[in-house]
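Chain residues, written in single-letter form:
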Amino acid sequence: MTQATDSFEEIESAVVRFAGDSGDGMQTIGERFTDSSAFAGNDIATLPDFPAEIRAPAGTIAGVSGYQLQFGSRSILTPGDEPDALVAMNPAALKSNVSDLPEGGMLVVNVDSFKKMNLKKAGYESNPLEDEEFRKKYQLIELDLTTLTKEALSASPLKPSDKARCKNFFALGFMCYVYGRPLDPTLKFFDQKWGKRLPEVAEANSTALKAGHNLGDTMESARNRYQLAKAVVSPGVYRKISGNEALVYGLVAGAQSANRELLYSGYPITPASPVLEGLSALKRFGIKTVQAEDEIAAMGVAIGASFAGDLSVVATSGPGMCLKSEFIGLASITELPVIICNVQRGGPSTGLPTKTEQSDLLQSLFSRHGDCPLPVIAAHSPSDCFECSIEACRIALTYCTPVIYLSDLYVANGAEPWLVPNAADLPAIEAKFADPDEEYISYKRNPETLARTQAIPGQPGLEHRIGGLEKSEDGGVNYDPENHEQMTHLRAEKVERIADTIPPTQLHGEADGDLLVIGWGGTYGAITSATQAMQAEGFSISSLHLRHLNPLPKDLGEIIKRFKKVIVPELNLGQLSLILRAKYLIDAIPLTKVQGKPFKVSELRDSFHKELS
Amino acid sequence: MSTTNTEEGSLTKKDFVTENDVRWCPGCGDYAILNAVQRTLPELGVPKEKFVVVSGIGCSSRFPYYMNTYGFHTIHGRAPTVATGVKSANPDLSVWMVTGDGDGLSIGGNHLMHLLRRNLDINVLLFNNRIYGLTKGQYSPTSEVGKKTKSTPVGSLDYPINPLLFALGSEATFIARTSDTDQKHMVETFKAAQAHKGTSFIEIFQNCVIFNNNAFDTVTGREVRSEQALMLEEGKPLRFGEDKGIRLNGFDPEIVELKDGDDESDLLVHHSKTNNPAYASILAQMAYPAFPTPFGILRQIEGRETYEDALHSQIKASQAKGEGNLQELLTGKNSWVVE
């Protein structure tokens, strides 16, 4: 698989993890390394992993922030199970990450931070770097990063403590040398970020980056140097995109495709805040953003805006979804289009606010009181968030209904290269308001979709009232038993009919066989990688990934029947498997994990092997 | 389809009446308020299709169903949020929000506070009957301490909130009080609210005949109101009864009896446009029996930008520098080309 050339070793892919204190700038250099890798033409997948505290006590395990990415010349679907190289900026980062580094892996440490106090804070009784066995276990590269950075910046006007803060870029420069990453994208980043405002900071970071790179060149222990070919991908314009960015762009695109004004209302919550921030920066698109006083209010503002004719959107995470539930019921009974995005995190309650989980599926399906089915869709990768959010716009406006869009922290914060779509090719979304020249009956339905037509305030002659009380077709409050039953069925049937527009389910692998893996959301990369690997080993295994979780695709039941066993990997205690069992009366096997971390490919392979042996 | 002529000036009360049977209890104060609103709207010079009535939950919140305008009966306490969404989406609409003492000050207190401080140009009618009516008679956040109800058989414990002080503390730019017993005063107050640019907060004393009958008789009763109510008139001294007035002693108001030939000049003069909230605060805290209870516009502050104007002017300012281009957004600044 690998082949040595002069000083370079040619490799197909690599996994690098940067770990340090949450104030050390690990997310920043992780993102820079990602950009450089994207520029180098590699496929990438990333996993930022940071603590819930903004600045936990320095030097402690609780304060360790990490960023892992996998890059390669082949298709990269996950950030990798375990790192090939680990950069540890302090003893706590080493302690909490080194168990993931396989024997022989590259270990870069900042020896300057391995002092008594820091070792104690990390819970080391003695310095592991002085342990011969430990030293032999890894390909250890000891750098006195703080000292080296300060020396490199001897001419800089920055004060000593600010000079020391540039050490993350020194480390980045070194790693860029090891993996043959270009420095230009990072130098451009410095210029864009600080060039005008703080030129001395831009200069110092550039110097540190280059010094790190030069050190690699001159240092004997960096003799291992790797080279990766460009990934073979379709020609076109590419960019790096994160899931939350893709969601923001998809909403802008969806509103344009539907020719509607976009109003977003939100309340700050991890990990959905970037959606509020992202849309707030796009006023030039005419987007209205409201930072509401709480999660409930955010939903109310969206419903009001929807009633007034805007395409309205909220984004939140689990705790916010709990608070919005009553309002979501109101949006359902009044049949108003609203896009409700839930960027899932570990729950229940405050749970694991900065870790990933897929445990809000049943909440999405059932959290309202009364019989209140709603469309639910889920994005499977960062770039898929773009298509999913456009799909959410389509469903909301075509069926005049609230839609729940699910992503998760892993998908939302992760990044990958994206073939930039042509804006002109995005399909139009047809959604008309009631015509003031025609008689308006507020709950009269389109015979095909069962959607009602919205009449917006300001139109003469269409004055009408909506509200949370049950209505009859003419819009009047109606408590008749038969009417309530009929309206409940109609609302449910409307949601069911969305299935008529879901494209046929894509199977990865043979159309029948021994084992079918069914997944949804952010597990796509790991499931697909594991399935492909086992197919290559000759196993009879196929996988499919659901975007539409309600209604489910019409062909799903028939596909399931063609396999002897069905396994459902999920980052929860078995929520989709419960639905599949109920709906298709099959013995779907739940494969669950709730550690706040994504599945490793190896974990899935082990489980699939077990089912097939 | 309605064939109503919506031209300004040609509307009448009838245009705002729906076919729905009004289902409040016979004798409920809500009928009088509905009548006053239906009398006010045709006189505002606003086309009928521009009115939107938004409510929460409670007896008062059935209001939209009886108004032949656009209307939205939402959920308990949350009307301010929906009204904010409507007005933010389309500032051209005339939004009227109807709430009650429970809906607006208990479950929805937070939203009401934020609506007021944001100063959206919305008219808020808070029907205060000091009781939960729709749930059949539990005490409310404006009930007096010791209120005996089904949920408080030996008396309620909590100190009531003063809606006017609440509005003042929430930075409301228009604060008024009126009563369901006074059609003329209600119509005048509603008109002033509509004329005010910003959130107008109106507390309406509203009698619940079933669960809290005669709660306001001591100040609105025909025989006593001239003595026990204080009708605020802009630029005029605070006078009530035949010969009484209010003056300030330090920070405290006090009642003075004017005898023949006494000078009015040391009485407080009503200036609702005073920026300093101290005066409005003094008025808001005056209540029978220690003082006459004030009615009218306590405070109207002009010149603070409304939320929706600020929202839309930020957008316009941004677009003036160049409208967004979707393709540029998607491509971003750091793209690369694969041949």
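Being a predicted model, the structure only gives us computed values, none of them experimental. (Residues numbered from 1 in each chain as written. Chains lettered and ligands numbered in written order. Predicted model: local features only at pLDDT ≥ 70, side-chain atom pairs only at ≥ 80, totals over all residues. Heavy atoms only, no water.)

### Here's the deal with the packing of helix H2 (residues 79-89) of chain B against helix H4 (residues 109-118) of chain B
Residues and elements named next belong to chain B. The geometry of H2 relative to H4 is characterised by a closest axis approach of 8 Å and an angle of 35° between their N-to-C directions. Of the residues in H4, those in contact with Pro 80, Thr 81 and Thr 84 of H2 are His 111, Leu 112 and Leu 115. A per-class count over the contact of H2 with H4 returns 3 nonpolar, 3 polar and no charged. (Axes fitted to C-alpha atoms, helices over the stretch in contact; angles between N-to-C directions. Helix = DSSP H or I, 4+ residues; strand = E, 2+ residues; numbered from the N terminus. Contact = heavy atoms within 4.5 Å. Nonpolar A, V, L, I, M, F, W, Y, C, P; charged D, E, K, R; others polar.)

### Thoughts on the packing of helix H7 (residues 167-178) of chain A against helix H9 (residues 199-218) of chain A
Residue and element names in this part refer to chain A. Put simply, H7 and H9 touch, their axes get as near as 7 Å, and they point 40° apart. Here H9 runs oblique to H7, going by the angle between their axes. Classified by chirality, the crossing of H9 by H7 is right-handed. Contact residues: H7 offers Phe 169, Phe 170, Leu 172, Gly 173, Phe 174, Cys 176 and Tyr 177, while H9 offers Asn 205, Ala 208, Leu 209, Ala 211, Gly 212, His 213, Leu 215, Gly 216 and Asp 217. In terms of residue class, the contact of H7 with H9 is made up of 10 nonpolar, 5 polar and 1 charged. (Parallel < 35°, antiparallel > 145°, perpendicular 65-115°, else oblique. Left-handed = near helix turned anticlockwise from the far one by under 90°.)

### Focus on the interface of chain B and chain A
Opposite the 59 residues of chain B that make contact, chain A presents 76 residues. Both faces considered, chain B and chain A share a buried interface measuring about 5300 Å² in area, 64% of it formed by carbon and sulfur atoms. If you sort the residues of chain B by the area they bury against chain A, Tyr 70, Leu 330 and Trp 336 of chain B come out on top, with a joint share of 16%. Here chain B and chain A share 1 salt bridge between them. The closest approach of N and O atoms between Arg 118 of chain B and Glu 293 of chain A, which form a salt bridge, is 2.8 Å. Seen at the junction of chain B and chain A, the total is 28 residue pairs in polar contact (both at pLDDT 80 or more). Every element with two or more residues in the side of chain B that touches chain A is listed here: strand E2 (70-73), H2, H4, helix H10 (307-320), helix H11 (326-331) and strand E12 (336-338) of chain B. By residue class, the composition of the side of chain B that touches chain A is 21 nonpolar, 29 polar and 9 charged. As judged from the 3 bridges shared by strand E18 (residues 465-467) of chain A and E2 of chain B, these two strands associate in the parallel manner. (Buried area = accessible area lost by both parts, 1.4 Å probe. Salt bridge = Lys/Arg side-chain N within 4 Å of Asp/Glu carboxyl O. Polar contact = N/O pair within 3.5 Å; in protein donor to acceptor, adjacent residues only side chain to side chain. Pairing = 2+ DSSP bridges.)

### A word on the domain arrangement of chain A
The figure often quoted for interface size is the accessible area lost as the parts come together. All names here are of chain A. What the domain assignment reports for chain A is domain 1 (4-227), domain 2 (239-425) and domain 3 (513-612). Between the C-alpha centres of domain 1 and domain 3 there is a distance of 36 Å. Across the domain 1/domain 3 interface, buried area totals approximately 570 Å², and carbon plus sulfur atoms make up 61% of it. If you sort the residues of domain 1 by the area they bury against domain 3, Leu 77, Thr 78 and Asp 81 come out on top, with a joint share of 80%. For the pair domain 1 and domain 3, the number of links is 0 salt bridges. (Domains from an automatic or database assignment.)

### Some remarks on the packing of aromatic side chains
Counting across every chain of the model gives 21 aromatic pairs over all chains. Summarising the aromatic geometry, the rings of Phe 189 of chain A and Trp 194 of chain A are spaced 6.1 Å apart at their centres and angled 80° between planes, so their arrangement reads as edge-to-face. Given the relative accessible area of 15%, Phe 189 of chain A is considered buried. By relative accessible area, which is 13% here, Trp 194 of chain A ends up buried. In this structure an aromatic cluster arises from ring pairing among Phe 18, Phe 33, Phe 71, Tyr 179 and Tyr 226 of chain A. Positioned over the ring face of Tyr 124 of chain A is Lys 95 of chain A, at 5.0 Å from the centre of the ring. Between Arg 118 of chain B and the ring centre of Tyr 307 of chain B, over which it is positioned, the NZ or CZ distance is 5.9 Å. (Phe/Tyr/Trp six-rings, centres within 6.5 Å; stacked < 30°, edge-to-face > 60°. Buried < 20%, exposed > 50% of the residue type's maximum accessible area, 1.4 Å probe, protein only. Lys NZ or Arg CZ within 6 Å of the ring centre and 35° of its normal.)

### Quick look at the sheet that holds strand E21 (residues 548-550) of chain A
Through backbone hydrogen bonds, the strands of a sheet pair up, either in parallel or in antiparallel fashion. Residue and element names in this part refer to chain A. The strand order across the open sheet built from 7 strands is E12-E11-E13-E14-E16-E15-E21, with neighbouring strands paired in mixed fashion. Both edges of this open sheet fall to strand E12 (288-291) and E21, since each of them pairs with a single strand only. Along the sheet, successive strands turn relative to each other by an average axial angle of 20°, direction set aside. As paired elements, strand E15 (residues 376-378) and strand E16 (residues 402-408) share 3 bridges and run parallel to each other. If you follow Ala 378 over to E16, its bridge partner there is Leu 406. Packed on one face of the sheet, helix H13 (residues 318-334) meets strand E13 (311-316), strand E14 (338-344) and E16 and runs near 160° to E14.

### A word on the pattern of salt bridges
Residue and element names in this part refer to chain A. Under the definition given, this model contains 39 salt bridges over all chains. Notably, a salt bridge pairs Arg 165 with Asp 162, separated by 4.0 Å at the nearest N-O pair. Classification of Asp 162 as partly exposed rests on a relative accessible area of 26%. Put simply, Arg 605 and Glu 537 hold a salt bridge, and the shortest N to O gap is 2.3 Å. With a gap of 68 residues between them, Arg 605 in helix H21 (residues 601-612) and Glu 537 in the loop between helix H18 (524-536) and strand E20 (541-546) connect regions that are remote in the sequence. Residue Arg 605 is classed as partly exposed on the basis of its relative accessible area, which comes to 28%. Taking relative accessible area as the criterion, Glu 537 reaches 40% and is therefore assigned partly exposed. Connected through shared salt-bridge partners, Arg 32, Asp 35 and Lys 240 make up one network.

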